[in-house]
Amino acid sequence: MANYDLLLLPGDGIGPEVMTEVEGVVDWLNGQTQNSFNVETELVGGSAIEAHGVPVTNETVEKADKADAIVLGAVGGPKWDGVDFEIRPEAGLLRLRKDLDLFANLRPAICYPALAEASSLKPEVVEGLDIMIVRELTGGTYFGEPKEITDLPDGQKRGVDTTVYTTSEIERIVRVACDLARKRSKKVHSAEKRNVMSTGVLWHEVADRIFREEYSDLESHHILADNCAMQLIRWPKQFDVLVTDNLFGDMLSDEAAMMTGSLGMLPSASLGAEQAGKCKSLYEPVHGSAPDIAGTNQANPIATIASFGMSLRYSFDMSEAADIVDKAIANVLDAGLRTADIMQDGMKQVSTSEMGAAIKAEMSKLSA
Ligand code: NAD
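Residues numbered from 1 in each chain as written. Predicted model: local features only at pLDDT ≥ 70, side-chain atom pairs only at ≥ 80, totals over all residues. Heavy atoms only, no water.

> Please provide a residue-by-residue account of the packing of aromatic side chains, values included.
Enumeration according to the criterion identifies five aromatic pairs in this entry. For the pair Phe37 and Phe308, a centre-to-centre distance of 5.9 Å together with 70° between the ring planes defines the contact as edge-to-face. You can see Phe37 sitting in strand E2 (residues 36-41) and its partner Phe308 sitting in helix H10 (residues 302-314), a full 271 residues away along the chain. On the basis of relative accessibility, which here comes to 0%, the residue Phe308 falls in the buried class. When the centroid spacing of 5.3 Å and the interplanar angle of 75° are considered together, the rings of Tyr165 and Trp203 count as edge-to-face. Of this pair, Tyr165 sits in the loop between strand E7 (157-162) and helix H6 (167-183) while Trp203 sits in helix H7 (residues 198-214); the two residues are 38 residues apart in sequence, bridging distant segments of the chain. The exposure class of Tyr165 is buried, given its relative accessible area of 6%. (Phe/Tyr/Trp six-rings, centres within 6.5 Å; stacked < 30°, edge-to-face > 60°. Helix = DSSP H or I, 4+ residues; strand = E, 2+ residues; numbered from the N terminus. Buried < 20%, exposed > 50% of the residue type's maximum accessible area, 1.4 Å probe, protein only.)

Shown next, in the form of structure tokens:
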């Protein structure tokens, strides 16, 4: 029996609405499993700016550092469009990612059979799809220096971004992907552009060594990132775990995600380095604060509930409970319940709170 500290950061817009449904799932687990969660809730984003003048306080960052896992809703909205760049709502999220050194971004692309018809690809291509994209999150093109726009003598401007990776940055993200592959179907692909980029040559060399020396039990492959983009559309089910850098991961994870339907369905996890057997972790839906539907009880809570489900698997070693959450989501979709964003003909439209209640009821049935 274990006692875990869980920090909830609902944030702005639909964040608090979808987080209420996560709280319901946590309460359910507290009553059902041997483990228990101490839940604390703090402000982040626009709500923190209003209360404290900053998008995340030092106290909240300290709590995040100590927590066993963090679940975040979403930040931002038009209300804070005019605030200074340094204290904009997104800066709170970026500070958490940076201070906790969350270098591994896990983005599953799962196509629930009930939603296969809603994909822009043929149902047989996406039905049952279950891919995990592992994106390096703290290095590469988005952070490399120099990063600047300079004036040229002829009156033009020159923009520069720099792609930089070191051996250890590549090693640690490849290991995260391989460890995940061991828990899944034992297959991993590494995507880079070794044909045109020096970082691609290094990425390939390092990934290949890690595959051979440390993970020879896995089926491992290398693929050029542009070919990977094509193969994802042609036959995505050939992939299981796919590891890539920050820039390619940004594109490929969005491409894979969109095969599965709505933004309201997509969870994610960001993990840091392992220390004393545990690693810092932040779980959040891929979507934003959806100001257009905030406060209307219409938001789809599945992405946030599934994000909490990922925390059960990756931070709390509660894979049985995580399976129950995932299966409950699949079952309510099979039963025809839909929030407005995934509504289809002949299905029953439900609100945020009705969807949360249906998932909890299904969890009770599954664990009876
Ligand atoms: P968004 O993801 O908030 O919304 C895009 C569209 O998808 C909207 O029509 C919205 O109603 C819909 N949508 C999103 N999530 C949904 C859900 N759970 N259920 C039903 N429909 C959903 O993106 P946006 O409109 O570009 O951004 C709005 C605000 O969110 C901006 O301030 C942006 O900066 C911020 N944002 C925050 C994050 C984050 O917190 N990680 C991510 C993206 C955007």
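> Please provide a residue-by-residue account of the nonpolar core, values included.
Phe37, Leu106, Val134, Phe308 and Leu312 are the most contacted members of the largest nonpolar core, which has 68 residues in total. Per-element accounting of this core gives the leading share, nine residues, to helix H11 (residues 319-334). A domain split of this core shows at least three residues from each of domain 1 (1-103 + 272-368) and domain 2 (109-265). If near-sequence neighbours (up to four positions away) are discounted, Leu106 is found in contact with Met132, Ile133, Val134, Val176, Leu180, Ser268, Ala269, Leu271, Met310 and Tyr314. In terms of nonpolar packing, the next biggest core, distinct from the first, is built from 20 residues, Cys111, Cys228, Ala256 and Met259 among them. (Core = buried A, V, L, I, M, F, W, Y, C linked by side-chain atoms within 4.5 Å. Domains from an automatic or database assignment. Contact = heavy atoms within 4.5 Å.)

> A description of the environment of Ala91 should follow, citing residues and the corresponding values.
Considering the arrangement of structural elements, one finds Ala91 in helix H4 (residues 89-99). Looking at Ala91, the relative accessible area reads 15%, which means it is buried. It is 39 Å that separates the C-alpha atoms of Ala91 and Ser364, two residues lying 273 residues apart in sequence. Look past the residues within four positions of Ala91 in its chain and what remains in contact with it is Pro55 and Glu86.

> Lay out the pattern of salt bridges with the relevant residues and their values.
Two side chains with opposite charge may pair up if their charged atoms get near one another. Under the criterion given, the structure shown has 22 salt bridges. A salt bridge links Glu284 to Arg97; the nearest nitrogen and oxygen atoms lie 3.1 Å apart. Here the residue Glu284 occupies a position in strand E12 (residues 278-285), and Arg97 occupies one in helix H4, the gap between them amounting to 187 residues. On the basis of relative accessibility, which here comes to 6%, the residue Glu284 falls in the buried class. With relative accessibility at 24%, the residue Arg97 sits in the partly exposed group. For Asp254, the salt bridge goes to Arg107, with nearest N and O atoms at 2.8 Å. Within this pair, whereas Asp254 is found in helix H9 (residues 246-258), its partner Arg107 is found in strand E4 (residues 104-110), the two being separated by 147 residues in sequence. Taken together, the salt bridges that share partners define one network made up of Glu40, Glu42 and Lys63. (Salt bridge = Lys/Arg side-chain N within 4 Å of Asp/Glu carboxyl O.)

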